[in-house]
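Listed below, chain by chain, are the residues.
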There are 2 protein chains.
Amino acid sequence: MQSELRKRLLDAFTNSGEDFLSGQYLAELIGCSRTAVWKHIEELRKEGFELEAVRRKGYRIVKVPEKITANEVRLGLMTKRLGQNIHYEESVDSTQKIALQLSLDGAPEGTVVIAEEQTRGRGRMARAWFSPKYTGVWMSVILRPNLLPQKAPQLTLVTAVAVVQAIEELTSIKPEIKWPNDILINGKKITGILTELQAESDRINSVIIGIGMNVNQELEAYPEELLTIATSLRIESGNRLNRAELIRLVLAKLEHLYDLYLQEGFQPIKLLWESYAVSIGKMITARMVQGDLYGKALGITGDGVLMLEDEAGKVHFVYSADIELQ
Amino acid sequence: MQSELRKRLLDAFTNSGEDFLSGQYLAELIGCSRTAVWKHIEELRKEGFELEAVRRKGYRIVKVPEKITANEVRLGLMTKRLGQNIHYEESVDSTQKIALQLSLDGAPEGTVVIAEEQTRGRGRMARAWFSPKYTGVWMSVILRPNLLPQKAPQLTLVTAVAVVQAIEELTSIKPEIKWPNDILINGKKITGILTELQAESDRINSVIIGIGMNVNQELEAYPEELLTIATSLRIESGNRLNRAELIRLVLAKLEHLYDLYLQEGFQPIKLLWESYAVSIGKMITARMVQGDLYGKALGITGDGVLMLEDEAGKVHFVYSADIELQ
């Protein structure tokens, strides 16, 4: 919906309070047909507005969508660094892009960008990530670890463990991790993690961790082609979650594991990660730029690299692939 | 000099052609004392303007500084990709910063940013890099190699070889390389290389290679504290160089070696690099965050990491350090 029309529509509903506004009135107000008004109303419903429609009276809003506010996230936040500096936006093209700019401008470690909607959300390999309004957690966290740049990919695995632990604590669901960056429930994506690095040859400038979580979407929110591969915590648990609470919990778990990683190295993270990993010990296909590789996923190395044993017994080190479980 | 004053001063000289302008006239024009005018004239001289001063007549410009133009660089450029897209600026804070923005906006591989002056030029570890106007080569090259991110530091060494070969070809000087990123003549810095990476965990988005070359600076151009550690091609060779020609040559050498590296890997680069390396086989001190290490530089690994044998015979792998020759 064009933002100008949308604003006029929402202003009208706000001013009318509990009174109904007729379709005819709304059509004249925003200068379009009654069919178009009906479409705009449907759009608002998709965004989480609940509207009551009564014959011969018209429409009124009975519930506005739950928004995350920076204050709500801050309230009860159990971290020392992550989330102490929150940058909140209603709509962005990509939280990663905003976070990168903030990082280049010197934003401190722990700065978090949260948006209600991403119009060009991204996953790995510049793939699109569906990020509809008011229903998910679309956020980016700026880290500035004193590590060699080649360690940065391990932070994807640190984050995956944090997200799984947060979901476990808030719901009764036990998610699984698919190497390297997907978190699944019943084989469908619930969370994606994107780790982006800015570095000199021997020094990290910043690592920006993007976390996209499907939280309160209902089945109808998904386009056809995503229905078989994506799901949400609401669909799986049957409950709406408080997104601010989920964000606080993810940040708390992440800070704890990140500090553990900085102090003890990757080994304790590796053990946790493997305990949640769905693919380890199973036959998988690793789809890579240079071709497919079929074999048994043995585990990950001390660097977080996937080890795959092919049918001839040869062990391959997989740095970059899409994994398919057989 | 404030740019507004500077502009009025240069406009006045341009309009007066071969006529002299008196100190009194210039003082009134820009609204300052005659001593201040004299200081401004000195500033212009440092930037490469040649001014004639005649008693009782005043000043006139007899030669404006040589500028690089994008067209001059393009003319005779022997590359397929590097430098085919040139972004030229009179003055920037840092060419790396401009190049990063261009890269985020999708600039193609080979895009080059060239500036006449950097007001906040940077070297490794965010150290300042002195980049005075019209005398050096301050440029950044955007590469987008299809490599794993951990390979990116090798591109510093690829670039070092390219710069050394270009200097050898254009002058009779044989520079030496000090690991990881300095090029020296008689122990003084002639060029610094800064490699910055933007990447996902398993995919490079861009590598931005900054090359800062001291070319036509005279001794007087250097602040006191740099005199013992920096020099220029002009000081060492006694000749002014055409900077556009030098840029073309560096880009041609870099493209050739970069293609060799992409096709054959690091091995051929390693051999070339070691042939120019000043520290190999010598006793050195590696100053690192975690302390100093003293020993013999054995060479570099197949990944470009420095190998240092301490006095007990133990070999250390040095990823990040400042090297001091004994």
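Residues numbered from 1 in each chain as written. Chains lettered and ligands numbered in written order. Predicted model: local features only at pLDDT ≥ 70, side-chain atom pairs only at ≥ 80, totals over all residues. Heavy atoms only, no water.

Draft legend 1. Representation of the overall build of chain A within the structure. Within chain A, the secondary structure is distributed over nine helices and 14 strands. The C-alpha radius of gyration computed for chain A amounts to 22 Å, which stays within 12% of the reference 20 Å derived for 326 residues, consistent with globular compactness. Structurally, chain A occupies a C-alpha span of about 75 × 45 × 35 Å along its principal axes. When the 326 residues of chain A are sorted by exposure, 52% land in the buried category. Sequence-distant contacts in chain A: of pairs separated by 6 or more residues, those separated by 24 or more amount to 62%. Just so you have it, chain A exposes about 15,000 Å², and 49% of that area is on carbon and sulfur atoms. Seen as two clouds, the 39 positive and the 43 negative side-chain charges of chain A have centres 3 Å apart. (Helix = DSSP H or I, 4+ residues; strand = E, 2+ residues; numbered from the N terminus. Rg over C-alpha atoms; globule rule 2.2 N^0.38 Å. Buried < 20%, exposed > 50% of the residue type's maximum accessible area, 1.4 Å probe, protein only. Contact = heavy atoms within 4.5 Å. Areas by Shrake-Rupley, 256 points an atom, 1.4 Å probe, with all protein chains shown as cover. Lys, Arg positive; Asp, Glu negative; His and termini not counted. Charge placed at Lys NZ, Arg CZ, Asp CG, Glu CD.)

Draft legend 2. Here's a closer look at the UniProt feature "binding site: biotin" (unreviewed entry) in chain A. Within this structure's numbering, the places UniProt gives as "binding site: biotin" (unreviewed entry) are A:Gln118, A:Arg122, A:Gly123, A:Arg124 and A:Lys189. Reaching out from A:Gln118, the side chain makes a polar contact with the backbone nitrogen of A:Thr95 at a distance of 2.9 Å. When you line up the elements, A:Gly123 lands in the loop between strand S4 (112–115) and strand S5 (137–143). Here A:Gly123 falls in the buried class, since its relative accessible area comes to 11%. When sequence neighbours within four positions are dropped, the list of residues in contact with A:Gly123 reads A:Ala128, A:Trp129, A:Leu194 and B:Glu200. (UniProt positions renumbered as here; feature names shortened; annotations may be inferred. Polar contact = N/O pair within 3.5 Å; in protein donor to acceptor, adjacent residues only side chain to side chain.)

Draft legend 3. Layout of the domain arrangement of chain A. For chain A, the domain assignment lists domain 1 (3–63), domain 2 (70–276) and domain 3 (283–325). Each of domain 1 of chain A and domain 2 of chain A was reduced to a C-alpha centroid, and the two centroids are 35 Å apart. (Domains from an automatic or database assignment.)

Draft legend 4. Highlighting the packing of helix H6 (residues 154–170) of chain A against helix H9 (residues 267–276) of chain A. Residues and elements named next belong to chain A. Running from N to C, H6 and H9 cross one another at 55°; their axes reach a closest spacing of 9 Å. In terms of orientation, H6 and H9 fall into the oblique class. Remark: the crossing between H6 and H9 carries left-handed chirality. On H9, the residues that touch Leu157, Val158, Ala160, Val161, Val164, Gln165 and Glu168 of H6 are Ile269, Leu272, Trp273 and Tyr276. Its residues assigned to classes, the contact of H6 with H9 comprises nine nonpolar, one polar and one charged. (Axes fitted to C-alpha atoms, helices over the stretch in contact; angles between N-to-C directions. Parallel < 35°, antiparallel > 145°, perpendicular 65-115°, else oblique. Left-handed = near helix turned anticlockwise from the far one by under 90°. Nonpolar A, V, L, I, M, F, W, Y, C, P; charged D, E, K, R; others polar.)

Draft legend 5. Layout of the relation of the copies chain A and chain B. Superposition of chain A onto chain B requires a rotation of 180° combined with a translation of 0.0 Å along the rotation axis, giving an RMSD of 0.1 Å. Put plainly, the chains are arranged around a two-fold axis. Looking at the interface residues of chain A, 100% of them are also at the interface in chain B, so both copies use one shared face. (Least-squares fit on C-alpha atoms with pLDDT ≥ 70 in both.)

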